[in-house]
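Understanding the architecture of this molecule
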Amino acid sequence: MTVHVTRAALMGAVGSFALLIATDAAAQNAAASTESAPQAAETIVVRGSRPIFESDRAALQVQRNAPALVSVLSADEAGRLADQNIADAVSRLPGVAVEKDQGQSRYVNLRGQPRRWVTYSIDGMSVVSPEGRDTRFDNVPTAIASQVSVNKAITPDMSGDTVAGNINIRTRSAFDYRGRRITGGLSLGQVELGGGREIDASLVVADRFFDGKLGLLAQASFYEREMVTDNWETDPYLRPGSTTSGIDRRPGSETRRWAREYENKPYRLTRGNISGSVRADWRPTEQDSFFAQSVYSQFTDIELRNNYIFRFDNGATNTPNTACSGTVTPITTSAANDFCAGNLPNKGTVYGVQMNWNFRTGDIKEYIFTNTIGGKHARFGWDIDWRLNFTETEDGQDLTGTPTFQSPTTVTSRPTVDYDFTDVRNNTVRLFNTVLTGTTRSKGAAVSSVEAFPMLFTDIIDAEGGDLTAAWTGKFDASRDISLFGAEATLKLGGLYTTRDKKRRLTQYRARPADFTAAGVALPTYNDFAIDTAFKGEYALGYTFRYYSGDKVRDFVQSLKDRRIGSYQDGSGEYFEVTEDIAAAYAMATVKQDWGSVIFGGRVERTENTSKALPIIGGVRVLTQLKSDDTLFYPSVHVNYDLNEEMKVRLSLNSGAARPDFDDLAANFSIDDAPGTITGGNPEAKPEKSVGFDAYFEWYMKSQGYFQIGFYYKDIKDALFTQSGTFGSTILNTPDRDRSGYNFTTVRNGGDGKLMGVEVAFNHTIEELVESMNGPDWLEGFGIRLSANFNDSEINVPAVGTAPLRVVDLPGASDVVTNVGLTYEKYGLSARIAYQYRTKWLQSVGGYTTVNGVLVPDGNGDIYWNDSESLSVSARYELNDNIELTFDGVNLADSPGRRFADSELNPIEYETFGPRYMVGVRFKY
């Protein structure tokens, strides 16, 4: 369809319609009046819509009018965000990096800060993720969202329980549309690695009734992907200088890292999510409105994992190298992990390797079910907003069957393994028979199949349970216009009360060889579960294997239960329950000036925690209950200075805190009286606190361009780390034993640090430039999006044992995070190429010790994710006003997931997933 319109009419129509789905009524009216300003009456020819332009325009309008620093994503005119889940979607925004699992974006690092410091809300109501403080966003499909806001500077009317920022998802309402609305789509595709299928479907239906006063909306989505992974892992690393027999203690061992084991995990996965929501809005008068809403989102992970582990200890040996010198410390000369035994840490041969096989069959479900009723009213000069919410989430941990096997002790029944770790991207092993002549071991014939070696059944486990969280929340806000300091101002007051309860339940069924013997039943072998399916990956394993059938494992476990072979295990040791009650109140004022506004105020939050668990004390499980509380005050000041109609400066001084995770607060102590040690949660752990400063310059160009540059700084106190120290409490004492002086390893406050960085973003099209140069029409459709963050962070790790205080990067902080996007919109075609890159970052802080005056990792030490990149392509072509065709290509760079321990020379994991491609159709009526 080709139409002739003026540029003014085109911009006004497109802009105003986009804003209808992205902003509230006030923002819509302001934007509409801006876009209806007189412009040159130049006639142009245009075909179709500009969904990228529309959504960007709506997002920038909300961002510009926001009271504090925020980045915004808005759905396009068809109600669609470009990516499948919220983590992928926000990763396009400045300051956002993502952590992935199985190649799928899951967690968010906001401006170089740990994922646990990012909070999540739906329509302004805080939601606890199924996992707890580590907010997962892969379980939230973008299909439920009309807009996503990444709030980087928190105002007093937002929860103070955040350090990095808050990600708020605005869901759809029937009042987002002018009348009846039906939109949806269906896409089908394939994953290149393994050839699995992919499907993505969504539907939204909305309408208004009773003279437009009642709006009803229903939404549903379904996504599923079949995939495999290529994987190897080389870890854990043995501690230099250990007194354990067989570990290298020769001179210079401090610089040598020996891996205890090598393993492969060829996964077969079916991952997906479903969502559904319903919402009713009633606006009986201009002064009153009510709504009721339910949103359900579920993440599913059906996992089949073959796991082959090759242990280089536990009886594995090597022939001593008689030419080696330096025997200052006695050692078992036949040990495999010994520099003087003929091997190197990255290459060698090990005789009589113990193999462990385990086959994990998971049927994991995570869900979020949130229900809200609320209203807005204008009474007595006040604008009143109230909401009541109930949210339930569950982190499912079901394993429908995990059979395990192990090598026999006979040396000749175990393989000889050549290992080659010289290529940090491609650690490999090759298998041979082990020949025993007297006491001398040697390499026999090469073996191609890992199943050629006998494996003894160890046990089979079936587990069901997970972490269930329930939360009730009431929220009240009231605002009115006042005069303050001789200027117009808005006063806003409010309060919140929420009570959350998280409990873990776990039941486990286990059958061991003795159970089969007692029942007179033969032990299972791998043949009972194996299937003849060709290897779906591409990695050169160095051996062949057979997959197993998840259905066979499930049926086998059920038959054991039916015949009462095995038994249910006592799961009370896994039980914990943490209750959290939060009462909050705030006051803030927005003072309006000719040049902009100043927002200042504070929020106070009182938190009370109660923790229950059933630790074993003196051989008996005892219900243990501990309580803690804290009261925190969060002041903030935000200055918005308009340099002119297009440019503004934002300054912010703010504060926040991140509470310890529920697991960390649990009183689930594990006691070992022999050495006098205790491990477990720490109900006394306090929030991690921060004070931040932001200074940003924003340029909203009239021609739909945008430029931003900003500086941010955070001072961090009381960061949490796993540390050891004296228990110091009598709660675990018994009449015969005082445990208050035991060594207690738990999460403790103690680290201080800082984060500073620079954020740069630029969006623009070249339409005006092409026009000014009289270039060809087709060239006008190109646009570019650029953003980058440059971080410098440090956090103190308290001294532990012989390890002194250390300074490391803040977990989750890459030095550089970049996004590059190229867009094209012309002639009904809308396309995007997006590239993301982040440098290495610290995943977790490990233990260290001093050996011969050298600080060395105690095991793996600090664990890092290596640098990674992502490349995707999406395109859509509008056939007419109602139908468009779509294409998506994801993970086109096939960037691997790579982790290393302490140094890039010590890789611990390498995993690839393959590109994915989808084609589909979308409709709107």
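Our subject is the structure that appears above.
For the structure given in this document, a descriptive report is provided here. This one's a predicted model, so the numbers in the text were calculated from it and none came from an experiment.

What counts and what doesn't
- Residues numbered from 1 in each chain as written.
- Predicted model: local features only at pLDDT ≥ 70, side-chain atom pairs only at ≥ 80, totals over all residues.
- Heavy atoms only, no water.
- Phe/Tyr/Trp six-rings, centres within 6.5 Å; stacked < 30°, edge-to-face > 60°.
- Helix = DSSP H or I, 4+ residues; strand = E, 2+ residues; numbered from the N terminus.
- Lys NZ or Arg CZ within 6 Å of the ring centre and 35° of its normal.
- Expected span 1.5 Å × (residues − 1).
- Contact = heavy atoms within 4.5 Å.
- Polar contact = N/O pair within 3.5 Å; in protein donor to acceptor, adjacent residues only side chain to side chain.
- Pairing = 2+ DSSP bridges.
- Salt bridge = Lys/Arg side-chain N within 4 Å of Asp/Glu carboxyl O.
- Buried < 20%, exposed > 50% of the residue type's maximum accessible area, 1.4 Å probe, protein only.
- Axes fitted to C-alpha atoms, helices over the stretch in contact; angles between N-to-C directions.
- Core = buried A, V, L, I, M, F, W, Y, C linked by side-chain atoms within 4.5 Å.

**Describing the packing of aromatic side chains**
This structure, assessed with the given rule, holds 40 aromatic pairs. Pairing Y296 with Y367 gives two aromatic rings, centres 5.8 Å apart and planes at 25°, and the pair type is stacked. You can see Y296 sitting in strand β16 (residues 288-311) and its partner Y367 sitting in strand β18 (residues 354-379), a full 71 residues away along the chain. The side chain of R268 reaches across the aromatic face of Y548, ending 5.4 Å from its centre. The ring of Y864 has K840 lying over it, and the distance from NZ or CZ to the ring centre is 5.7 Å.

**Side note on helix α6 (residues 550-563)**
The end-to-end C-alpha separation of α6 is 20 Å, in line with the 20 Å expected for 14 residues at 1.5 Å each. In this fold, the buried residues of α6 make contact with β16, β18, β20 (399-406), β24 (456-484), β25 (487-511) and α5 (513-519). Sitting at the head of α6, S549 places a side-chain oxygen 3.3 Å from the backbone nitrogen of D551. Positive backbone phi, approximately 60°, marks R564, located one or two places after α6.

**Describing the pairing of β18**
Along a regular strand, successive side chains alternate from one face of the sheet to the other. Bridge count for β16 against β18 is 24 bridges, and the pairing is antiparallel. Looking at the pairing, I309 lines up with N356 of β18. Note that β18 and β20 share five bridges and pair antiparallel. When the bridges of β20 are listed, G362 appears paired with L399. Relative to strand β19 (residues 382-396), β18 is paired through 14 bridges, and the arrangement is antiparallel. Bridging across to β19, T372 finds its partner in N389. Counting the residues between successive antiparallel strands, the hairpin from β18 to β19 contains two residues, one of them, F380, with a positive phi of roughly 55°.

**A look at the pattern of salt bridges**
A side chain with one charge may pair with a side chain of the opposite charge, provided their charged atoms come close. Within this structure, the stated rule accounts for 67 salt bridges. Of the charged contacts, one joins R379 and D288 as a salt bridge, the two residues approaching to 2.9 Å between their closest N and O atoms. Of this pair, R379 sits in strand β18 while D288 sits in strand β16; the two residues are 91 residues apart in sequence, bridging distant segments of the chain. On the basis of relative accessible area, R379 is assigned to the partly exposed category, the value being 35%. Where salt bridges share partners, they join D101, R106, E131, R136, D138, R271, D301 and E366 into one cluster.

**Comments concerning the sheet that holds strand β6 (residues 118-122)**
The strand order across the open sheet built from five strands is β3-β8-β9-β6-β7, with neighbouring strands paired in mixed fashion. Every other strand in the sheet has two partners, leaving β3 (70-74) and β7 (125-126) as the edge strands with one partner each. As paired elements, β6 and strand β9 (residues 165-171) share five bridges and run parallel to each other. Bridge pairing in β9 places I122 opposite I169.

**Considering the side chain of Q113**
Residue position: Q113 is located in the loop between β5 (104-110) and β6. A polar atom in the side chain of Q113 sits 3.0 Å from the backbone oxygen of L110. In contact with Q113, not counting residues within four places along its chain, are V163, A164, K714, L755, L810, P811 and G812.

**Points about the sheet that holds strand β22 (residues 428-437)**
Taken together, the four strands give an open sheet; going across it, the order is β17-β21-β22-β23, and neighbouring strands pair in antiparallel fashion. Two strands in the sheet have a free side with no partner beyond their single neighbour: β17 (347-350) and β23 (440-447). With strand direction ignored, the average angle separating the axes of adjacent strands in the sheet is 30°. Direction of pairing for strand β21 (residues 416-420) relative to β22: antiparallel, over a ladder of five bridges. Paired with D420 across the bridge in β22 is T428.

**A few points about the nonpolar core**
Across soluble globular proteins, you tend to see nonpolar side chains buried next to one another. One finds Y308, F310, F312, W357 and V450 to be the most contacted residues of the largest nonpolar core, which totals 51 residues. Contributions of two or more residues to this core are made by β16, β18, β21, β22, β24, β25, α6 and β49 (907-912). Of all the elements, α6 adds the most residues to this core, at four residues. Of all hydrophobic cores here, the second largest spans 45 residues; its members include V96, V163, I169 and V295.

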